[in-house]
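Below are the chains, spelled out letter by letter.
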Amino acid sequence: MPLHKALRALLGLTWTEAWRGQLFFLLLLLVLVVESLAWFMASMAITESSEIRLAICAWLYRCGLVFIVLVHVIGNLVREVESGFLHVLLAHSLSRTQYVIGRFVGFALIALGAALAISGLLALHTPATGLSGLLLWSASFMLEMLLVTAIAVFFALGFARLLPALLAACTFYVVARLLDVIRAMAQSPIGQDPNSMSVAGSRWVLDGLAWFTPPLGAYTRTDWLLLPDSLATAPSALTLLSWAIAASCLLVTAAIVDFHGHEL
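Note that the coordinates shown come from a computational prediction; the quantities given were computed from them, not determined experimentally.

Peer 1: Give a description of the overall build of the chain that names residues and reports values.
Peer 2: Secondary structure assignment for the chain yields ten helices and zero strands. Against the compact-globule benchmark of 18 Å for 264 residues, the chain has a radius of gyration of 20 Å, which places it among compact chains. Dimensions along the principal axes, computed over C-alpha positions, put the chain at roughly 60 × 50 × 30 Å. Taking all 264 residues of the chain together, 42% fall into the buried category. When contacts within the chain are restricted to residue pairs at least 6 apart in sequence, those whose partners lie at least 24 apart make up 79%.

Peer 1: Please set out the pattern of salt bridges residue by residue, giving values where relevant.
Peer 2: The final tally for this structure, using the stated rule, is four salt bridges. Across the pair glutamate 17 and arginine 103 runs a salt bridge whose closest N-O atoms are separated by 2.7 Å. With glutamate 17 in helix H1 (residues 3–20) and arginine 103 in helix H5 (residues 96–122), the pair connects residues that are 86 residues apart, well separated along the chain. Arginine 103 carries the same exposure label as glutamate 17, and that label is buried. Aspartate 223 is paired through a salt bridge with arginine 221; the nearest N and O atoms lie 3.0 Å apart. Residue aspartate 223 is classed as partly exposed on the basis of its relative accessible area, which comes to 21%. Taken together, the salt bridges that share partners define one network made up of Glu17, Glu80 and Arg103.

Peer 1: With reference to specific residues and values, describe the state of the cysteines.
Peer 2: Under the defined criterion, the tally for this structure stands at zero disulfides. Free of any disulfide, cysteine 170 has its nearest neighbouring cysteine sulfur in cysteine 63, separated by 11 Å.

Peer 1: Outline the environment of alanine 244, supporting the account with residue identities and numerical values.
Peer 2: Examined against the element boundaries, alanine 244 turns out to sit in helix H10 (residues 237–260). In this structure alanine 244 comes out as buried when scored by relative accessible area, which is 0%. With 29 residues separating them along the chain, alanine 244 and proline 215 place their C-alpha atoms 8.9 Å apart. Not counting chain neighbours up to four residues away, the residues in contact with alanine 244 comprise Leu143, Leu147 and Tyr219.

Peer 1: Explain the nonpolar core to me, using residue names and the numbers behind them.
Peer 2: One finds Leu65, Tyr99, Val100, Leu122 and Met145 to be the most contacted residues of the largest nonpolar core, which totals 75 residues. Per-element accounting of this core gives the leading share, 16 residues, to helix H6 (residues 131–159).

Peer 1: Lay out helix H3 (residues 49–83) with the relevant residues and their values.
Peer 2: Under the 1.5 Å per step criterion, the end-to-end length of H3 is 49 Å for 35 residues, consistent within 8% with the ideal 51 Å. Note on H3: the residue one or two positions beyond its end, glycine 84, has a positive phi of about 85°.

Peer 1: Could you give me a rundown of the packing of H5 against H6, with the residues and numbers involved?
Peer 2: One can describe the packing of H5 onto H6 by two numbers: an axis separation of 8 Å at closest approach and a directional angle of 150°. With respect to their mutual orientation, H5 and H6 come out roughly antiparallel. The hand of the H5/H6 crossing is right-handed. Residues Tyr99, Val100, Phe104, Phe107, Ala108, Ala111, Leu112, Ala115, Leu116, Ile118, Ser119 and Leu122 of H5 form the contact with H6, whose own contacting residues are Leu134, Trp137, Ser138, Phe141, Met142, Met145, Leu146, Thr149, Ala150, Val153 and Leu157. The residue makeup of the contact of H5 with H6, split by class, is 20 nonpolar, three polar and no charged.

Peer 1: If you had to explain the side chain of serine 119 to someone new, which residues and values would you point to?
Peer 2: Tracing the backbone through its elements, the reader meets serine 119 in helix H5. Excluding anything up to four places from it in sequence, serine 119 contacts Leu134, Trp137, Ser138 and Phe141.

Peer 1: Lay out the packing of H3 against H6 with the relevant residues and their values.
Peer 2: Orientation of H3 relative to H6, taken along the N-to-C sense of each, is 30°, at an axis distance of 9 Å. In terms of axis orientation, H3 runs roughly parallel to H6. Taken as a pair, H3 and H6 cross one another with a handedness that is right-handed. Counting all contacts with H3, which are made through Ala58, Tyr61, Arg62, Leu65, Val66, Val69, Leu70, Val73, Ile74, Leu77 and Val78, the residues of H6 involved are Trp137, Phe141, Glu144, Met145, Val148, Thr149, Ala152, Val153, Ala156 and Leu157. A breakdown of the residues in the contact of H3 with H6 according to their chemical character gives 18 nonpolar, one polar and two charged.

Peer 1: Let's hear about the packing of aromatic side chains: which residues, and what values?
Peer 2: In the structure shown here, the tally under the stated rule is seven aromatic pairs. Seen from their ring centres, tryptophan 19 and phenylalanine 24 are 5.7 Å apart, and the 50° between their planes marks the pair as tilted. The class of tryptophan 19 is exposed, set by a relative accessible area of 61%. Aromatic ring contacts, followed pair by pair, group Phe154, Phe155, Phe159 and Phe172 into a single cluster. In this arrangement the basic side chain of arginine 96 is found over the ring face of phenylalanine 259, its NZ or CZ atom lying 5.3 Å from the centre.

Reading the values: the criteria
Every chain begins its residue count from 1, and numbering advances along the sequence as written. The predicted origin of the model limits local features to residues at a pLDDT of at least 70 and limits the giving and counting of side-chain atom pairs to 80 or more, whereas totals for whole chains, interfaces and linings rest on all residues. Hydrogens are left out, water is left out, and the side-chain values use all remaining heavy atoms of the structure. Numbering goes from the N terminus for both helices and strands, where a helix is a DSSP run of H or I of at least four residues and a strand is a run of E of at least two. Computation of the radius of gyration draws on C-alpha atoms alone. For the globule rule, the value is 2.2 Å times the number of residues to the power 0.38. Categorising residues by exposure relies on relative accessible area from a 1.4 Å probe, with only protein chains included: less than 20% of the type maximum marks a residue as buried, more than 50% marks it as exposed, and the intermediate range marks it as partly exposed. Residues are treated as being in contact if the distance between any of their heavy atoms lies within 4.5 Å. Salt-bridge detection follows one rule: a side-chain nitrogen of Lys or Arg within 4 Å of a carboxyl oxygen of Asp or Glu. Cysteine sulfurs are considered disulfide-paired once they come within 2.5 Å of each other. To form a nonpolar core, buried Ala, Val, Leu, Ile, Met, Phe, Trp, Tyr and Cys residues must be joined to one another through side-chain atoms within 4.5 Å. Expected helix span is given by 1.5 Å per residue-to-residue step, counting one fewer step than there are residues. The axes used here are C-alpha line fits, helices contributing only the stretch in contact, and every angle between their N-to-C directions lies in the interval 0 to 180 degrees. In what follows, roughly perpendicular refers to angles from 65 to 115 degrees, roughly parallel to angles under 35, roughly antiparallel to angles over 145, and oblique to any angle outside these ranges. Should the near helix be turned anticlockwise from the far one by less than a right angle, the crossing is termed left-handed; should it be turned clockwise, right-handed. Residues are grouped as follows: Ala, Val, Leu, Ile, Met, Phe, Trp, Tyr, Cys and Pro are nonpolar; Asp, Glu, Lys and Arg are charged; all remaining types, including Gly, are polar. Planes of paired rings set the category: under 30 degrees apart is stacked, over 60 is edge-to-face and the rest tilted, where pairs are Phe, Tyr or Trp rings (Trp by its six-membered ring) whose centres lie within 6.5 Å. Charges are assigned to positions over rings by a cutoff of 6 Å between ring centre and Lys NZ or Arg CZ, combined with an angular limit of 35 degrees from the ring normal.

Structure representation (structure tokens):
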């Protein structure tokens with residue numbers, strides 16, 4: 001089957017699953033919960049209530065959408081494997097490479113659309129002085145969702161089981177998100193000799209781990225929205241785009257190679 005026909009069919013399938021699986025209801029529920037919590041927390045504050053609301057919304061929206069995308073992508077892919085529907089798709093002259101690419105593109109488009117919509121909602125809480133930070137935050141948020149989709153596809157097809165794949169994807173995301181902080185703490189450990197073998201060994205392990213994980217700690221930082229001066233040290237949009245594309249391509253390629261090695 002030609003690639004463009006396979007992509008069109010898989011995009012339609014992905015959109016139908018998102019609609020029937022009540023993904024849009026979950027996104028609406030996320031908005032209601034986040035806005036309610038942000039309003040409640042801001043009302044408890046004596047000063048800087050608008051900044052508190054903005055920070056809470058930004059953090060909760062990011063965490064909530066990451067979890068929803070992981071559950072949605074992994075749940076759909078694992079269900080296709082367990083139900084045997086994947087065999088039906090591959091029987092219609094659809095190659096495994098086309099399947100992985102088509103599913104990734106479909107899920108990524110939905111995740112990017114959700115991130116864009118949430119960025120628009122966040123603009124309602126952002127003052128005029130923080131528009132430049134909001135633009136960088138929004139672009140970074142969309143790129144992070146692209147990476148999260150690639151992570152979900154890789155672990156879903158690799159494990160083909162819901163709980164192990166979801167646990168591995170969440171662990172990978174948290175490690176990638178906090179790795180820069182852990183590496184900074186390892187440079188100057190409290191109460192330990194920084195020149196000792198154990199400290200040096202931990203730094204080598206963390207430095208090696210950094211080669212295999214995308215730098216998610218540099219994406220979607222809340223201080224960009226609150227502190228305009230932080231934009232001076234933030235990575236450029238081109239740098240974030242390069243990292244996201246490179247890591248996503250690597251993860252999808254690894255998923256294709258691993259998927260070809262599985263017996264269905």
